[in-house]
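# Overview (structure and organization)
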Amino acid sequence: MIYVNGRFLLQSLTGVNRFAYELCMAWVHLDIPFTLCCPPGEIKSCYDVSRFKIIICGWGKSHIWEQLALPVWFARIKGEKVLVNFTGLGPLLTSKKIMTIHDLAFMVNPAWYSKSYVCLYKLLTPLCASTSMRLLTVSEFSKNEIIKRLAVKEEKISVIYNAVSPLFQLCVNAVTSEGKYILAVSSIDPRKNFAILLKALEYIKDKNIKLKVVGGQDMIYSTSIKELSKDTCADKVEWLGRISDGELKTLYANALCFVYPSLYEGFGIPPLEAMSCGTPTIVSDIPPLREVCQDASLYINPYDAEDIANKINILAFDEGLRKDLMSKGYRRCSFFDWEKSAKKLAGVVYGCLKKNNGKRA
């Protein structure tokens, strides 16, 4: 039997949690049976769980539930079983598990995160990885990072790509001359590089262009909107926080362009969402975004505010380039598909179930 760690259903719909949710939805469409096990608490309204089989088990919440209550409950289940953890970590005390590592940003630059977060993940990530049957990750780049930094054998890791939610598909960019804006979508995380993006606003030729930022704050990160709002161009920025997918789709569809100056990624879903909505994209010239976006984006030096502004200026005045990137973006999006990823994942999971047959948890 396949069980999925459903702790993400009690959390906001971030990129990591979208990976978990969309793969579960794809499994439903493919008639792959599984059960979501969740801690006590209220499931967030942003998730449609009407077709999910959900069991509320154990006690506690967050990491306490995951590391103490969940493994005790799981150990009592008889027969062939595997616990799939889509959002990082998973119970250390459970060996019949599959763990997902989206990226190792906390190892690359601990200063991006709170000290408590870094300490917890530096301790548990290697231990959970070593006690997992298989590891999942979201790009070849992250796979190589895991091999290098955690000394995991290549054959233990499977790359399961992200994709775009169906809601963002079949959407046409419709930017108007009034209220022009560039769009950025991500958590307010230091590695997303908002400080440089705000600096770039000084060099944009059309002074009427503003920046809209979609994404929430979290205590695990070492920066805040309050801190960023001290920038001299902060009056040109609208911080929208977390919004619904419907609202986000509209923002993508009416943006002059989408900008993603991230310093480090495992994958990066927002550029694909923007492409799917027909919005030209500007992204950092870093390996994972090259892997995902290929020739469908303009690339920037994420440490150079003038370079970021120059690319925005080019798109603002070059209609032919905008149309070319739109066309390439649509084609690139078609490569990524949740059901294709879910089928590949199912093969990994069933392989673990077969290996697990007759073993104890």
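Residues numbered from 1 in each chain as written. Predicted model: local features only at pLDDT ≥ 70, side-chain atom pairs only at ≥ 80, totals over all residues. Heavy atoms only, no water.

## A short note on the pattern of salt bridges
One pass over the full model with this rule turns up 16 salt bridges. Glutamate 22 is paired through a salt bridge with arginine 18; the nearest N and O atoms lie 3.7 Å apart. Of this pair, glutamate 22 and arginine 18 both sit in helix 1 (residues 15-29), four residues apart, which is roughly one turn of the helix. Accessibility classification places glutamate 22 together with arginine 18 in one group, the buried group. The closest approach of N and O atoms between lysine 143 and glutamate 154, which form a salt bridge, is 3.5 Å. Of the two residues, lysine 143 sits in helix 5 (residues 140-150) while glutamate 154 sits in the loop between helix 5 and strand 7 (157-159), which places them eleven residues apart along the sequence. The exposure class assigned to glutamate 154 is partly exposed, which follows from its relative accessible area of 48%. When salt bridges with common partners are traced through the structure, they connect Arg18, Glu22, Asp245 and Glu273 into a single cluster. (Salt bridge = Lys/Arg side-chain N within 4 Å of Asp/Glu carboxyl O. Helix = DSSP H or I, 4+ residues; strand = E, 2+ residues; numbered from the N terminus. Buried < 20%, exposed > 50% of the residue type's maximum accessible area, 1.4 Å probe, protein only.)

## Section: helix 1
Given a rise of 1.5 Å per residue, 15 residues ought to cover 21 Å, and the 21 Å separating the end C-alpha atoms of helix 1 matches this to within 8%. Counting buried residues in helix 1 gives twelve out of 15 residues, a clear majority hidden from the surface. For helix 1, the full list of buried residues reads Asn17, Arg18, Phe19, Ala20, Tyr21, Glu22, Leu23, Cys24, Met25, Ala26, Trp27 and Val28. Just downstream of helix 1, aspartate 31 is the residue with a positive phi angle, here 60°. (Expected span 1.5 Å × (residues − 1).)

## Considering the sheet that holds strand 7
Strand order in the open sheet formed by seven strands is 3-2-1-4-5-6-7, with parallel pairing between adjacent strands. Two strands in the sheet have a free side with no partner beyond their single neighbour: strand 3 (54-56) and strand 7. Between one strand axis and the next, the sheet turns through 25° on average, direction left out of account. Bridge analysis of strand 5 (residues 97-100) against strand 6 (residues 134-137) gives three bridges, and the strand direction is parallel. Opposite isoleucine 98, over in strand 6, you have arginine 134 as the bridge partner. Taken strand by strand, helix 13 (residues 338-356) contacts strand 1 (2-5), strand 4 (82-85), strand 5, strand 6 and strand 7, and its axis lies near 145° from that of strand 4. (Pairing = 2+ DSSP bridges. Axes fitted to C-alpha atoms, helices over the stretch in contact; angles between N-to-C directions. Contact = heavy atoms within 4.5 Å.)

## Notes on the environment of isoleucine 282
Position of isoleucine 282 relative to the elements: it lies in strand 12 (residues 281-284). Classification of isoleucine 282 as buried rests on a relative accessible area of 0%. Note: C-alpha distance between isoleucine 282 and isoleucine 300 (18 residues apart in sequence) is 7.0 Å. Apart from the residues lying within four places of it in its own chain, the contact partners of isoleucine 282 are Cys257, Phe258, Val259, Tyr260, Leu298, Ile300, Lys311, Ile312 and Leu315.

## Let's talk about the state of the cysteines
Applying the stated criterion across every chain yields a total of zero disulfides. The thiol sulfur of cysteine 24 is not disulfide-bonded, and the nearest other cysteine sulfur, from cysteine 38, lies at 9.3 Å. The thiol of cysteine 38 is unpaired, and the distance to the nearest cysteine sulfur, on cysteine 37, comes to 7.0 Å. Taking relative accessible area as the criterion, cysteine 38 reaches 0% and is therefore assigned buried. (Disulfide = S-S within 2.5 Å.)

## Re the environment of isoleucine 308
The residue isoleucine 308 is located in helix 11 (residues 305-317) in this model. Taking the C-alpha atoms as reference, isoleucine 308 lies 24 Å from arginine 331; in sequence the two are 23 residues apart. When neighbours within four sequence positions are excluded, isoleucine 308 is seen to be in contact with Ile196, Leu197, Ala200, Val259, Pro261, Ile300, Asn301 and Pro302.

## A few points about helix 11
An ideal rise of 1.5 Å per residue puts 18 Å on 13 residues; helix 11 measures up with 19 Å between its terminal C-alpha atoms. If you check which residues of helix 11 are buried, you get Ala305, Asp307, Ile308, Ala309, Lys311, Ile312, Asn313, Leu315 and Ala316. Of the surrounding secondary structure, the elements contacted by the buried residues of helix 11 are strand 8 (181-185), helix 6 (194-200), strand 11 (257-260), strand 12, strand 13 (298-300) and helix 12 (319-333).

## Description of unusual backbone geometry
Located in the positive-phi region is aspartate 31, a residue other than glycine, with phi close to 60°. Looking at the element boundaries, aspartate 31 is found in the loop between helix 1 and strand 2 (35-38). With a phi angle near 50°, glutamine 294 is a residue other than glycine that sits in the positive phi range. Tracing the backbone through its elements, the reader meets glutamine 294 in the loop between helix 10 (287-293) and strand 13. Relative accessible area serves as the criterion here: at 42%, glutamine 294 is assigned to the partly exposed category.

## Digging into the packing of helix 9 (residues 269-276) against helix 12
Two measures define how a pair of helices packs: the angle their axes make with one another and the distance between the axes. Where helix 9 contacts helix 12, the two axes come as close as 8 Å, and the packing angle between them is 120°. Considered as vectors, helix 9 and helix 12 are oriented oblique to each other. Once helix 9 is placed against helix 12, the crossing between them reads as left-handed. Mapping the contact onto sequence places Leu272, Met275 and Ser276 in helix 9 and Gly329, Tyr330, Arg332 and Cys333 in helix 12. Classifying every residue of the contact of helix 9 with helix 12 by side-chain character gives four nonpolar, two polar and one charged. (Parallel < 35°, antiparallel > 145°, perpendicular 65-115°, else oblique. Left-handed = near helix turned anticlockwise from the far one by under 90°. Nonpolar A, V, L, I, M, F, W, Y, C, P; charged D, E, K, R; others polar.)

By themselves, these observations are geometric and do not establish any function.
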